[in-house]
There are 2 protein chains.
Amino acid sequence: MIKQIVSKNNKVELGMLEKSSFNTLLDTRYKNSKKIVIVDENTQEKCWPYLLTTFESLKEAEVIVLPSGEENKVLEVCFQVWEALSNYQIQRSDLIINLGGGVVTDMGGFIASVFKRGLDFINIPTTLLAMVDASVGGKTGVNLGSFKNQLGVFSLPELTVCDPTFLKTLENKEILAGKAEMIKHGLITSKSYVASLETAETDIPHLDLIAEAVQIKAAIVDRDFQEKGERKTLNFGHTIGHGIEGFLMTQEVAVTHGECVAWGMLVESYLSNEIAGLSEKELDKIETLIRKIYPELPIQKSDFDTLIKLMRHDKKNKGKHINFTLLNAIGSSTIDYNVDEDKIMEVLTKVFEA
Amino acid sequence: MIKQIVSKNNKVELGMLEKSSFNTLLDTRYKNSKKIVIVDENTQEKCWPYLLTTFESLKEAEVIVLPSGEENKVLEVCFQVWEALSNYQIQRSDLIINLGGGVVTDMGGFIASVFKRGLDFINIPTTLLAMVDASVGGKTGVNLGSFKNQLGVFSLPELTVCDPTFLKTLENKEILAGKAEMIKHGLITSKSYVASLETAETDIPHLDLIAEAVQIKAAIVDRDFQEKGERKTLNFGHTIGHGIEGFLMTQEVAVTHGECVAWGMLVESYLSNEIAGLSEKELDKIETLIRKIYPELPIQKSDFDTLIKLMRHDKKNKGKHINFTLLNAIGSSTIDYNVDEDKIMEVLTKVFEA
């Protein structure tokens, strides 16, 4: 059974790849196109063999292997891929298939969108995080130094297929990372959805819960594709989270994007409590959830200045204050709170020096 | 007096910069934005002082100087600019102003469109070529090795202003380069426009003629922004032209884009005569015009294989043949002629071994 997400901008299907439109597209629209499959070292080993043995038309595909990990989500790697595409004489009518986690779908989407001013691409996210977040919404890009996703374009895949089979290849840590974005989708829009996530934290979520997360995101993106307003609610937890992630990358601490966002959400929930009307009781509930699920991060008071410096670079800022989406309650959020640095210092202390 | 081009996608004005909407935009929409002016070594010297002394609000602008020339239209240079933008803490609400020829507007547009997934930019083309071609239509990009514009995106400037004052700073060679694209606009759509260009070839064309060229291009782009059909007519002369340009770049021969397109148009007119119904008489007319205006290029029979190899990489190709837009008559063109290599060899011989 294939679940289809109803959305204006995002064509997303959930279920077995063989039963999805992916199969049909390969045999029709892209019948005569060359196919390039972009994987990383993990998905080359764990996911690509399934595609290769299942889809006859991928036998001739060229496979490009990206080095794994966020630290390789950089322009230099894109450049090498573009040279390879050029050597393969890839043309505008050919197809790129991104098979991997958020790094592969973000970077692969960017590679496709910029080569010859835009090739079609299909995303097959293999991590929970990529399914519920990275591969929906058309954001593509790479990092610049420690600044996350500073280079990129808005560009939509022709199709995204979330096949839950791939989730079985993941470690617990990666399930938790994805769950952080699911919790976020709930915190900003739906109290009942958060409640449904509070149980069995390391289990693979039921496909219905994944579909609901995708639907929440797709609906927001449909209403505000270019991120002029409402889409910024999806940044809840990310202003602090990106700061943390950039900082820990420079420290060479292995940490997932989801963990950083989880702690970012907690810090921003404290801000929400002080500025945006989030009740003590709901703050407690969020704090309990985050601290129960996510391991503590090696962040100390002496790191706060660096964190704030990194946040200044966030794409959502305008002028001198730092811009946040905050919670008014669980399930309800408001964009564009401008917060000064002292206040941020204060809540960082509450979370990391508690 | 400001001439306004009527167009759905392209907001283009011709006339004095001080009287154009540029002035108003700086004082209103971009009042609180940081301004980044991208120039090259030439326009920094010859054009930037005029802007700096004319517009109060540019006193605080950051100026980024690109190395001049097509050989610097590469990703490495973009990367350095992106790092500079990051250091200046440029935010999504800031403004990039591209002041220069086609290399500056193509590359500056690409830099702006990819940084933080897209900053607003304004093009102020300073060469005739950039006015009539590069800065209208939303194509941005850089070269990859000897392959022209292989990396890029479709992205429209907020405004383009063509101020004829800048044309006085140009050498004859550059006027001729721009005129090649004007001739092309005429050849594909308007016999009378070609006739109006046949006189006084090295003079700066009258502003009305420049405006007409912009109008022709803007109208085509409006009807087919993503280049699925009619827009490919604008590629007349460019399949061969890009091959020539890429080849001469590797030979370190100094040649303008316009000269390569001019000779490309002549070769493709021979093809048009053989395949697409262009009469002998009109072919003669085109040959006379091109040979009168444009100096001969150092291309020999032994280079033809390399040229064809370069053409294979052209973005417009699909499958095994090489794709051309050809003329049915002066003022009338048809896209998507697929031509085999032997035929191309034959017409290359007619033009370069005559």
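Residues numbered from 1 in each chain as written. Chains lettered and ligands numbered in written order. Predicted model: local features only at pLDDT ≥ 70, side-chain atom pairs only at ≥ 80, totals over all residues. Heavy atoms only, no water.

S.K.: Requested: an account of the overall build of chain A, with residues and values cited.
M.R.: Within chain A, the regular secondary structure consists of 14 helices and 11 strands. By the compact-globule yardstick of 20 Å for 354 residues, chain A fits well, its C-alpha radius of gyration being 20 Å. Projected onto its principal axes, the C-alpha positions of chain A cover 60 × 40 × 35 Å. A total of 354 residues make up chain A; the buried ones form 62% of that total. Considering only contacts in chain A between residues 6 or more positions apart, those separated by 24 or more positions represent 75%. For chain A, the computed accessible surface area is about 13200 Å², with 49% contributed by carbon and sulfur atoms. (Helix = DSSP H or I, 4+ residues; strand = E, 2+ residues; numbered from the N terminus. Rg over C-alpha atoms; globule rule 2.2 N^0.38 Å. Buried < 20%, exposed > 50% of the residue type's maximum accessible area, 1.4 Å probe, protein only. Contact = heavy atoms within 4.5 Å. Areas by Shrake-Rupley, 256 points an atom, 1.4 Å probe, with all protein chains shown as cover.)

S.K.: Tell me about the sheet that holds strand 3 (residues 35-40) of chain B, residues and numbers included.
M.R.: Residue and element names in this part refer to chain B. An order of 1-2-9-6-5-3-4 is seen for the seven strands of this open sheet, with the pairing classed as mixed. In this open sheet, the two edge strands, each paired with only one partner strand, are strand 1 (3-4) and strand 4 (62-66). As judged from the six bridges shared by strand 5 (residues 95-100) and strand 6 (residues 120-125), these two strands associate in the parallel manner. Following the sheet pairing, Asn98 is matched in strand 6 by Asn123. (Pairing = 2+ DSSP bridges.)

S.K.: Explain the UniProt feature "domain: 3-dehydroquinate synthase N-terminal" (unreviewed entry) in chain A to me, using residue names and the numbers behind them.
M.R.: With numbering aligned to this structure, UniProt lists the feature "domain: 3-dehydroquinate synthase N-terminal" (unreviewed entry) at residues 64-175 of chain A. The annotated region residues 64-175 of chain A carries 33% helix and 29% strand content, and the separation between its end C-alpha atoms amounts to 26 Å. (UniProt positions renumbered as here; feature names shortened; annotations may be inferred.)

S.K.: Let's hear about the state of the cysteines: which residues, and what values?
M.R.: With the rule as written, the count across this model stands at zero disulfides over all chains. B:Cys78 supplies the cysteine sulfur nearest to A:Cys78, a cysteine that is in no disulfide, at a spacing of 13 Å. (Disulfide = S-S within 2.5 Å.)

S.K.: Could you give me a rundown of the sheet that holds strand 5 (residues 95-100) of chain A, with the residues and numbers involved?
M.R.: All names here are of chain A. Strand order across the open sheet formed by seven strands is 1-2-9-6-5-3-4, with mixed pairing between neighbours. Since the sheet does not close on itself, it has two edges, and those belong to strand 1 (3-4) and strand 4 (62-66), each with one partner. Across the sheet, helix 5 (residues 102-114) lies against strand 3 (35-40), strand 4, strand 5 and strand 6 (120-125), angled at about 165 degrees from strand 5, the strand it touches most. Docked against the sheet, helix 9 (residues 207-223) engages strand 1 and strand 2 (12-14), running at close to 170 degrees with respect to strand 2. (Axes fitted to C-alpha atoms, helices over the stretch in contact; angles between N-to-C directions.)

S.K.: Lay out the interface of chain B and chain A in plain terms, naming residues and giving numbers.
M.R.: Contact with chain B, which involves 34 residues of that partner, is made by 34 residues of chain A. For the pair chain B and chain A, the number of links is two salt bridges. For the salt bridge of B:Arg92 with A:Glu227, the shortest nitrogen-to-oxygen distance reads 3.7 Å. Where chain B meets chain A, there are six residue pairs in polar contact (both at pLDDT 80 or more). Mapped onto the side of chain B that touches chain A, the elements with two or more residues apiece are helix 4 (75-87), helix 5 (102-114) and strand 8 (147-151) of chain B. Top element by residues in the side of chain B that touches chain A is helix 4 of chain B. It accounts for six residues. The class makeup of the residues in the side of chain B that touches chain A is 11 nonpolar, 12 polar and 11 charged. (Salt bridge = Lys/Arg side-chain N within 4 Å of Asp/Glu carboxyl O. Polar contact = N/O pair within 3.5 Å; in protein donor to acceptor, adjacent residues only side chain to side chain. Nonpolar A, V, L, I, M, F, W, Y, C, P; charged D, E, K, R; others polar.)

S.K.: Describe the relation of the copies chain B and chain A, naming the residues involved and giving the relevant values.
M.R.: When chain B is fitted to chain A, the residual RMSD is 0.0 Å, and the transformation amounts to a turn of 180 degrees plus an axial shift of 0.0 Å. Taken together, the rotation and translation describe the operation of a two-fold axis. Judged by C-alpha distance, B:Val153 is the residue of chain B that lies nearest the rotation axis, at 4.3 Å. A shared interface surface links the copies, since 100% of the contact residues of chain B are contact residues in chain A too. (Least-squares fit on C-alpha atoms with pLDDT ≥ 70 in both.)

S.K.: A description of the side chain of B:Asp94 should follow, citing residues and the corresponding values.
M.R.: All names here are of chain B. Topologically, Asp94 is positioned in the loop between helix 4 and strand 5. Buried charged residue Asp94 carries no salt bridge. Nearest counter-charge: Lys34, at 5.3 Å. One polar contact links the side chain of Asp94 to the main-chain amide nitrogen of Gln91, over a distance of 2.8 Å. Beyond its immediate sequence surroundings of up to four residues, Asp94 is in contact with Ser33, Lys34, Gln89, Leu119 and Asp120. (Lys, Arg positive; Asp, Glu negative; His and termini not counted.)

S.K.: Describe the pattern of salt bridges, with residues and values.
M.R.: Residues and elements named next belong to chain A. Going through the model one piece at a time under the given rule, you end up with 39 salt bridges over all chains. For Lys191, the salt bridge goes to Glu282, with nearest N and O atoms at 3.1 Å. Here Lys191 is found in helix 8 (residues 191-197), whereas its partner Glu282 is found in helix 12 (residues 280-293), with 91 residues between them in sequence. The class of Lys191 is partly exposed, set by a relative accessible area of 47%. For Glu287, the salt bridge goes to Arg291, with nearest N and O atoms at 2.8 Å.

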